[in-house]
Amino acid sequence: MKKGKQQPISYAKWGYIFIIPFFVVYIIFTLYPQILTFYNSFFENYKEGLTQVGPNFVGLDNYIQLLSPGSDGTIDIFKYFGNTMIMWIAGAIPQFVVALLLALIFTSSRLKLKGQGFAKAVIYMPNLIMASAFAMLFFSLFSTVGPINKMLIDSGILDKAIDFASIKITARGLVAVMNFIMWFGNTTIVLMAGIMGIDEALFESARIDGATSTHVFTDITLPLLRPILVYVMITSLIGGLQMFDVPQVLSKGVGMPDRSTFTVVMYLNNYLGGSKNYGMAGAISVILFVITGILSILVFKLMKKED
């Protein structure tokens, strides 16, 4: 009796089955809220005391209000977007530089440093601390009665305590430093993974041909690491535009001094607070989404290089 031919296994079918949970979770917890946010942005929907106003369809009125200059002639959302970008750039530049330098050191076959595991754990550890707790720590350290002021006064550098949070440059600087400390370890690990994925034979061939370390970095490491750098920069940009908890805690939620540390998400949070103005909050979210998309595409285009 002849046995029938065995049917081939469709591995593609099982692949689709395994990725179904991701799409289900994405549609329920990401896509649907995004569509609902966009829909709510065209409605007047808020609380005035105990009275619920709306939802009433108002078209583009929420966007017009957001993009209209205030009494001082400035558009608030763009002002807060500028604050966010300044603090992100101030922390991101040293973050990328230090992370790339550490990644090169840890992956160097010539240096062969000892205790790399411990060093990697230490630099990654700040990323595990809640941002709000980290901000509270810095708030205590740099307060007028904190240890930093005491050290500066005892050493004779200062005559009296300085309120770092009340000076624009120091307040923004503290936010940037905190973001740098929290994220440079994570960036280092990602860049290390990218460097370790480069074929070691390329480095050996370059060394045999007499290439210096600088040439190896500029001609081999950096070009092949470009996709990872694009990923790191775009994800850092997205995280920077969503900056909230660090400046919220450090500035007591008011963006002091003179709203110089007030971010776009803090502005959004104001409308989700007491008034629960879902229409304006939705409009801010949509504008932030558009700005994030444009900047991400710009970074991708600038970093992209034709083969």
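Structural data are supplied above this passage.
Counting from 1, residues in each chain are numbered in the order their sequence is written. Totals for whole chains, interfaces and linings use all residues, but because this is a predicted model, local features are given only for residues with pLDDT of at least 70 and pairs of side-chain atoms are given and counted only at 80 or more. As a rule here, side-chain values cover all heavy atoms of the structure and leave hydrogens and water aside.

A. Fine view of the overall build of the protein. Put simply, DSSP marks the helices as runs of H or I at least four residues long and the strands as runs of E at least two long, and each gets a number from the N terminus on. Within the protein one finds 12 helices and two strands. Ordering the α and β elements of the protein from the N terminus gives α-β-β-α-α-α-α-α-α-α-α-α-α-α. The globule rule used for comparison is 2.2 Å times the number of residues to the exponent 0.38, while the radius of gyration itself is calculated over C-alpha atoms. In terms of overall dimensions, the protein is more spread out than a globule: its C-alpha atoms have a radius of gyration of 25 Å, far above the 19 Å expected for 307 residues. A principal-axis box enclosing the C-alpha atoms of the protein has dimensions of 80 × 80 × 35 Å. By the burial criterion, 35% of the 307 residues in the protein qualify as buried. Contacts in the protein between residues far apart in sequence, at least 24 positions, make up 65% of those at least 6 positions apart. Computed with a 1.4 Å probe, the accessible areas rest on the Shrake-Rupley method; for each residue, only the protein chains presented here act as cover. Working note: accessible area of the protein is about 19,100 Å², and carbon and sulfur atoms make up 68% of it. Counted as positive: Lys and Arg. Counted as negative: Asp and Glu, with His and the chain ends omitted from the count. One atom stands in for each charge, and that atom is NZ of Lys, CZ of Arg, CG of Asp or CD of Glu. Put simply, the protein has 22 plus and 17 minus side-chain charges, and the middle of one group is 12 Å from the middle of the other. Think of it in three bands: with a 1.4 Å probe and only protein chains considered, a residue is buried below 20% of the maximum accessible area for its type, exposed above 50%, and partly exposed in between. Residue contacts follow a heavy-atom distance rule, with two residues in contact if any of their heavy atoms lie within 4.5 Å.

B. Representation of the packing of aromatic side chains within the structure. Centres within 6.5 Å are what make two rings of Phe, Tyr or Trp a pair, Trp counting through its six-membered ring; a difference in plane orientation under 30 degrees is then read as stacked, over 60 as edge-to-face, and the rest as tilted. What the rule picks out here adds up to 14 aromatic pairs. The interplanar angle of 45 degrees and the centroid separation of 4.8 Å between the aromatic rings of tyrosine 39 and phenylalanine 43 together place this pair among those described as tilted. Site record: aromatic cluster; members linked through ring pairs are Tyr80, Phe262, Tyr267 and Tyr271. Charge over a ring is defined by NZ of Lys or CZ of Arg lying within 6 Å of the ring centre and within 35 degrees of the ring normal. Directly above the ring of phenylalanine 262 sits arginine 259, whose terminal nitrogen or CZ lies 4.2 Å from the centroid.

C. Layout of the side chain of threonine 187. On the secondary structure map, threonine 187 appears in helix H7 (residues 168-196). Excluding residues that lie within four positions of it along the chain, threonine 187 makes contacts with Gln95, Phe96, Ala99 and Val232.

D. Quick peek at the pattern of salt bridges. A side-chain nitrogen of Lys or Arg and a carboxyl oxygen of Asp or Glu constitute a salt bridge if their distance falls within 4 Å. For the coordinates displayed, the defined rule picks out two salt bridges. For the salt bridge of arginine 207 with glutamate 200, the shortest nitrogen-to-oxygen distance reads 3.7 Å. Take arginine 207: its relative accessible area is 29%, and that puts it in the partly exposed class. On the accessibility criterion, glutamate 200 (35% relative accessible area) is partly exposed.

E. Focus on the nonpolar core. For the purposes of this section, nonpolar cores are sets of buried Ala, Val, Leu, Ile, Met, Phe, Trp, Tyr and Cys residues that join through side-chain atoms within 4.5 Å. The biggest cluster of nonpolar side chains holds 60 residues, and the ones touching the most others in it are Met178, Leu191, Tyr267 and Ile284. For this core, the secondary structure elements donating two or more residues are helix H2 (61-66), helix H3 (76-106), helix H5 (131-141), H7, helix H9 (213-241), helix H10 (245-250), helix H11 (264-271) and helix H12 (278-303). Sort the elements by how many residues they give to this core and H3 lands first, with 12 residues. Not counting residues up to four positions away in its chain, the partners in contact with isoleucine 284 are Leu66, Ile77, Val264, Tyr267, Leu268 and Tyr271. Grouped together as the second largest cluster of nonpolar side chains are five residues, Ile198, Phe203, Ala206 and Val216 included.

F. Representation of unusual backbone geometry. Cis geometry marks the peptide bond from methionine 256 to proline 257; its omega dihedral reads 0 degrees. Among the secondary structure elements, proline 257 is positioned in the loop between H10 and H11. Not every positive phi belongs to a glycine, and aspartate 258 is a case in point at roughly 55 degrees. Tracing the backbone shows aspartate 258 in the loop between H10 and H11.

Purely geometric stuff here, so don't read any function into it on its own.
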